[in-house]
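Listed here are the chains, written in short residue letters.
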Amino acid sequence: MKAIENTVIPSDALADLEHPLHLQTTGQRDPGFQKRIGEQTEKIRQEILAEHGVLNVAVDLIRVGRDEE
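Source: prediction; values computed, not measured.

A few words now on the confidence of the model for the chain. Caution applies to low-pLDDT regions: their predicted coordinates should not be interpreted in detail. With 94% of its residues at a pLDDT of at least 70, the chain reaches an overall mean of 89. Looking across the chain, the model is least confident in helix α3 (residues 58–65), with a mean pLDDT of 86, and most confident in helix α2 (residues 31–52), with 95.

Dropping the structure here:
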C-alpha cells in the first residue's frame, strides 16, 4: 500500500495528535506534554470565553436530540 503524504495538517499539530496515541498504546505518561496541552487548552477556553461569554448550549442540544424544540 502506498503511503499518502500529509500536506494539510501542520507537522507540529500532527505530532500533538500522534503522541497521546503512542502514550496510550504503550502505557506511558508524559507530564510535560500533559502540562503543555493543558495550558494550550486553558488559553483557548479563555479566548472563547472572552469573545463569546458563557456558552450554555447543553440544554438546547439535549432538546434537539429529543426533538423537544
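Before going further, it helps to spend a moment on the pattern of salt bridges. Overall, the coordinates contain three salt bridges when judged by the stated rule. For Asp-16, the salt bridge identified is with Arg-36, shortest N-O distance 2.7 Å. Taken together, the residues Asp-16 in helix α1 (residues 11–26) and Arg-36 in helix α2 connect sequence positions 20 residues apart. What makes Asp-16 partly exposed here is its relative accessible area of 24%. For Arg-36, a relative accessible area of 33% puts it in the partly exposed group.

Cut-offs and rules
Residues numbered from 1 in each chain as written. Predicted model: local features only at pLDDT ≥ 70, side-chain atom pairs only at ≥ 80, totals over all residues. Heavy atoms only, no water. pLDDT = per-residue confidence, 0-100. Helix = DSSP H or I, 4+ residues; strand = E, 2+ residues; numbered from the N terminus. Salt bridge = Lys/Arg side-chain N within 4 Å of Asp/Glu carboxyl O. Buried < 20%, exposed > 50% of the residue type's maximum accessible area, 1.4 Å probe, protein only.

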